[in-house]
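# Commentary on secondary and tertiary structure
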Amino acid sequence: MDDGTQEQIERRLTQVGIPLDAVEFRLEPKPDLRSCPPNQDPDELTDCYRPVTGGFEIQGETAYGAPLGRCTVGFLAKRNGIQGMVTASHCTEHIFNLDNWPTSSEFHQDEIENRVGVEAVDPPPQPYIGNCPGSYVCRFADAAWIQLDSGVAANQGWIARPEYGSPEWNYNLFRVSGVIGSYVGKEVFMVGKKTGLSQGFVDQTNVDMPYPTQYYPNALLLDQHIAGFYGDYGDSGGPVFSFTENPTDLLNIYLVGIHWGGPVTPGSVSYYSDVQYAQFQNWDLGPLDVLPPPSGGGGR
Amino acid sequence: MLALVWLVSCGTSAEDTSPTSMTDAIDLLVEAPQQARIGDPVILRLTVESKLGTTAELRGANPAQRYFFTIVDSGEQEVWRSRFGEPILRIEDMWTVAPAQKVVYEETWNTKGNDGRPVPPGVYSVRGFVGLTGGPATSDPVEITIRPSQ
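Throughout what follows, the structure given in this document is the object of discussion. (Residues numbered from 1 in each chain as written. Chains lettered and ligands numbered in written order. Predicted model: local features only at pLDDT ≥ 70, side-chain atom pairs only at ≥ 80, totals over all residues. Heavy atoms only, no water.)

## Comments concerning the overall build of chain A
Let me state the cut-off plainly: Runs of H or I in DSSP of at least four residues are treated as helices and runs of E of at least two as strands, each being numbered from the N terminus. The atom set for the radius of gyration is the C-alpha atoms, and the globule formula is 2.2 Å times the number of residues raised to the power 0.38. Throughout, exposure labels follow a simple rule: accessible area from a 1.4 Å probe, protein chains only, divided by the maximum for the residue type, with under 20% read as buried, over 50% as exposed, and the rest as partly exposed. Note on contacts: a residue pair is in contact if any heavy atoms of the two residues lie within 4.5 Å. Accessibility throughout is a Shrake-Rupley quantity obtained with a 1.4 Å probe, and a residue counts as covered only by protein chains that appear here.
Scanning chain A from terminus to terminus reveals one helix and 17 strands. Rg of the C-alpha trace for chain A: 21 Å, near the compact-globule value of 19 Å for 300 residues, within the 12% margin. By its C-alpha atoms, chain A is 75 × 50 × 35 Å across when sized along the principal axes. Here chain A holds 300 residues, and 53% of them are scored as buried. For chain A, contacts bridging at least 24 residues in sequence account for 63% of all contacts bridging at least 6. Carbon and sulfur atoms make up 50% of the accessible area of chain A, which amounts to about 13,100 Å² in all.

Dropping the structure here:
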């Protein structure tokens, strides 16, 4: 606050009849909302971690500060050159709806102070796209794009590699080498903030699923995939991926999907949206750059 | 005229066996009429209370999908589940049940199975569930006798 600002406030206080000696002016450092608390080394996916990395917990809140649920960061990406991340649409205040940008759903990690960004892309479902029946409106992905705040470091192209069945994390990472489709019998993996690393095989592909009516009436998710990996509450938005053809390569992965639900929870039958379909222009999020930057990234 | 006697069952069986299980923090009480005829709307009621003496802090399904009921036949085969076929979203919500608070959920069963056809007359067991992270809290069952329609 400079002297001019204090003068303006004093003038306004005088105008409304508040004596100046009743007010104390104090200069305090502006809290840094872009980073985690100092000296906090994360050992679980529920902790705050920078740069923001796929697989970590993310919590939403409305523009008015009411808490939304807890979910998982899918992956970091650039959209039209702007840095952001993908999570499930139902982790935002209004599913399949941009929540009054720029005062839309905010996302933070661990504590409310550690803000990451705000929802910026989540198009409404539309009729007559793909195989969408006439009485429905449809999307191809339960996905939303969260634009990161300026100064928030992003680990684009990298996903946390926790233990199997546990959110414990020892700074191990997977590197995104590309995006690939799903087929029945394909082995896929998921990282969720509750479950940690999970594995299963694709059981069905391209299933059109009615969305729960209490969230969005007459909405259909087109071409969803069903696989046998375990998921629990909090894993929504988590990245689904497969390894490369090289069986000894445990670093590089292909992004496959965005996890969002299942027939029961927790459970070993899980639903995910295809990352390829999530990039449909106009209908979903549009093209995303998901690869690591040329400089590599992946560090602390 | 069917007797309007409600069967009541109370308890929580912990499917999550962790020592700090949230299922240990709440009691689930399911109520259903003792008998009904095929075609009758059967009101099922689930009451959730804290059994800690303090506020129970819970994590799990968000409000729209927080509870469900199941009905199994005498062979323990599930014939009906509320929310059957509905995807369950895997967002995690936090909620509390205060010491004196009773959280009540109701659902109407139309005596049809998950396949949409009327269930055969017989004795069935009703359970109520609350979706929690790690595994649902489950009530003890109550029995309901389904008789032929008049």
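Resuming the write-up.
## Some words on the overall build of chain B
Each helix and strand in chain B was counted, giving zero helices and 14 strands. Taken from the N to the C terminus, the helices and strands of chain B come in the order β-β-β-β-β-β-β-β-β-β-β-β-β-β. Within chain B, buried positions represent 49% of all 150 residues. Accessible surface, chain B as shown: approximately 7,000 Å² in total, 50% of it carbon and sulfur.

## Notes on the packing of aromatic side chains
Residues and elements named next belong to chain A. In plain terms, the rule: Stacked, tilted and edge-to-face pairs are distinguished by plane angle, under 30 degrees for stacked and over 60 for edge-to-face with tilted covering the rest, among Phe, Tyr and Trp rings (Trp via its six-membered ring) whose centres lie within 6.5 Å.
This model, assessed by the stated rule, comprises 26 aromatic pairs over all chains. Considering the side-chain rings of tyrosine 49 and tyrosine 171, the 6.2 Å spacing of their centres and the 70° angle between planes classify their relative orientation as edge-to-face. In this pair, tyrosine 49 is assigned in the loop between α1 (3-15) and β1 (52-54) and tyrosine 171 in the loop between β10 (154-160) and β11 (173-179), connecting sequence segments 122 residues apart. Residue classification places tyrosine 49 among the buried positions, given a relative accessible area of 5%. Under the relative-accessibility criterion, tyrosine 171 is labelled partly exposed at 27%. Pairing tyrosine 211 with tyrosine 215 gives two aromatic rings, centres 6.5 Å apart and planes at 80°, and the pair type is edge-to-face. For tyrosine 211, a relative accessible area of 3% gives the class buried. Exposure remark for tyrosine 215: the relative accessible area of 18% places this residue in the buried category.

## Comments concerning the state of the cysteines
Disulfide: a covalent bond connecting the sulfur atoms of a pair of cysteines. Residue and element names in this part refer to chain A. Note the cut-off: Our working definition of a disulfide is a cysteine sulfur pair at a distance within 2.5 Å.
This model, assessed by the stated rule, comprises three disulfides over all chains. For cysteine 36, the disulfide goes to cysteine 48, at an S-S distance of 2.1 Å. Across the S-S bond of cysteine 36 and cysteine 48 the torsion is about -80°, and the bridge reads as left-handed. With cysteine 36 in the loop between α1 and β1 and cysteine 48 in the loop between α1 and β1, the pair connects residues that are 12 residues apart, well separated along the chain. Judged by its relative accessible area of 15%, cysteine 36 is buried. Across chain A, the way the bonded cysteines pair up, counted in sequence order, is 1-2, 3-4, 5-6.

## Things to note about the interface of chain B and chain A
What counts here: Here the buried area means the combined drop in accessible surface, using a 1.4 Å probe, for two parts upon being joined, counting both sides. Whenever Lys or Arg places a side-chain nitrogen within 4 Å of a carboxyl oxygen from Asp or Glu, that contact is recorded as a salt bridge. Counting of polar contacts relies on pairs of N or O atoms within 3.5 Å, with two restrictions inside protein: one atom must be capable of donating a hydrogen and the other of accepting it, and residues adjacent in sequence are counted only when both atoms are side-chain atoms. Two strands qualify as a pair provided DSSP detects at least 2 bridges between them.
Each partner contributes residues to the interface: chain B has 23 residues there, and chain A has 30 residues. Carbon and sulfur atoms supply 55% of the area that chain B and chain A bury against each other, a total of about 2,000 Å² over both sides. Viewed at the interface, chain A and chain B are joined by one salt bridge. Of the charged contacts in the structure, one is a salt bridge between Lys193(A) and Glu92(B), with a shortest N-O distance of 2.6 Å. Taken together, chain B and chain A are joined by 17 residue pairs in polar contact (both at pLDDT 80 or more). Bridge count between strand β16 (residues 252-262) of chain A and strand β9 (residues 88-89) of chain B: two bridges; the pairing is antiparallel. Residue Gly261(A) lies in a different strand from β9(B), and its bridge partner there is Leu89(B).

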